[in-house]
Amino acid sequence: MAKKENIASVLAFEKKLVTSDGYMYGTAWNKRNEVQALNLTPKSVRGTISNRLKAAIKGDPAKLNAEVEKPNLQKVDACALLPEQDTLNLKFTIKVLGGITEPAACNNVQFKQSYRNAALGYIEQHKFTELAHRYATNIANARFLWRNRVGAENIEVVVSARNKYVEKKWTFDAKQFSTKHFDHNDEKVAELASHIAEALGSEDDFLLLDIDCFAQIGRAQEVYPSEELILDKGKGEKSKELYDVKGIAAMHSQKLGNALRTIDTWYPDFSDPDSSAGPIAMEPYGAVTNLGRAYRTPAAKQDFYTFFDAWARGEKLQSIEQEHYVMAILVRGGVFGESDK
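Predicted model only: the values in this text are computed from it and were never measured. (Residues numbered from 1 in each chain as written. Predicted model: local features only at pLDDT ≥ 70, side-chain atom pairs only at ≥ 80, totals over all residues. Heavy atoms only, no water.)

A. Representation of the sheet that holds strand β8 (residues 105-106) within the structure. In spatial order, the strands read β8-β1-β18; together these three strands make up an open sheet with antiparallel pairing. The outermost strands of the open sheet, each flanked by one partner alone, are β8 and β18 (334-335). In this sheet, β18 lies alongside strand β1 (residues 11-13) in antiparallel orientation, the contact comprising two bridges. Pairing of Phe13 across the sheet is with Gly334, part of β18. (Pairing = 2+ DSSP bridges. Helix = DSSP H or I, 4+ residues; strand = E, 2+ residues; numbered from the N terminus.)

B. Main features of the state of the cysteines. Going through the model one piece at a time under the given rule, you end up with zero disulfides. Cys79 carries a free sulfur, and the closest cysteine sulfur to it, the one in Cys213, is 15 Å from it. Relative accessible area serves as the criterion here: at 1%, Cys79 is assigned to the buried category. (Disulfide = S-S within 2.5 Å. Buried < 20%, exposed > 50% of the residue type's maximum accessible area, 1.4 Å probe, protein only.)

C. Expanded view of helix α8 (residues 320-332). Here α8 spans 19 Å end to end across 13 residues, near enough to the 18 Å set by a 1.5 Å rise per residue. Judged by how many residues are buried, α8 sits mostly within the fold: ten of 13 residues are covered. Turning to α8, its buried residues number three or more, namely Gln322, Glu323, His324, Tyr325, Val326, Met327, Ala328, Ile329, Leu330 and Val331. Two residues or fewer after α8 comes Gly333, characterised by a positive phi angle close to 85°. (Expected span 1.5 Å × (residues − 1).)

D. Focus on the layout of surface pockets. Roughly 890 Å³ of internal volume is contained in the largest pocket. What lines the largest pocket is a set of 27 residues, and nearest its centre among them are Trp146, Asn258, Thr262, Val288 and Asn290. Of all elements in the fold, only α6 (253-260), β15 (280-281) and β16 (287-288) reach the threshold of two or more residues within the lining of the largest pocket. With three residues, the single largest contributor to the lining of the largest pocket is α6. (1 Å grid on protein atoms, 1.4 Å probe; cavity = no way out; pocket = protein on both sides within 12 Å on 5 of 7 lines; lining within 4 Å. Points joined across faces, edges and corners; volume = space filled by probe spheres on them.)

What is shown is where atoms sit, not what they do.
Structure follows, in structure tokens:
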């Protein structure tokens, strides 16, 4: 069969780690069973000019003073613990799904069969052990707290797992796990990972994880829900809108999911201290938007499509890490169609 004949112009995969929104509550570290929903508080503030100025203004003290005197009035959302609270409680769920051998959409029978054979081979050989270990680590280390993790005195992550075969519960001290690597041998993480791997490698099974995280950040300290993307801001509207659900401050499911799939340490620049971004989220081109950089470029032949097109048609990749990367992108899900023109 010619390579060009084995092309799926319509190809999509459903995500296999389905994360809910995260809901934020306040409590005290020594009374973690008593929680109270956190609400957003609107604020009106006067900011100062801090952006770079034009050369004509920088060189003229009078113009500079006039520019600085201009009021920078802003309306923003904020969220903080109450004065008697010192601990943030974040609650969300993760559903781990099987069935990765079957695309959600594929318009080429030959490609679908060759992909299925490749996926079955990966499951038989690797059983999702490495990927599940990394997903479980990102749960145990509370990477999903994002900015709320910085400066926390204590972080406890309580994980409950259940399906028709298992009902287990683990408690992790997140401060014992690094967010910079996955090199550890923890029995509880390994046990959680084994259940995740079993669900991912199954035909149609699932695993439901209930996450209950407590971060001791300090009395009355500010916390950070997700920020809403407002494309059309009218005059006088808020310059920062935070996310809430029915009055409860919350984090987007996409943000929590991004933290879980931040497991890519296989990109070429990872070991270079001058250019490494640490573990990055699983993306087809290794995109890290806050750095404005793609770490896996087609020119370097390190992107998802370079590996996937070969692997899904039965070719052997150069390393196991490349196979892990391809399967992690498929766990992420997305539309990966290729034009047949």
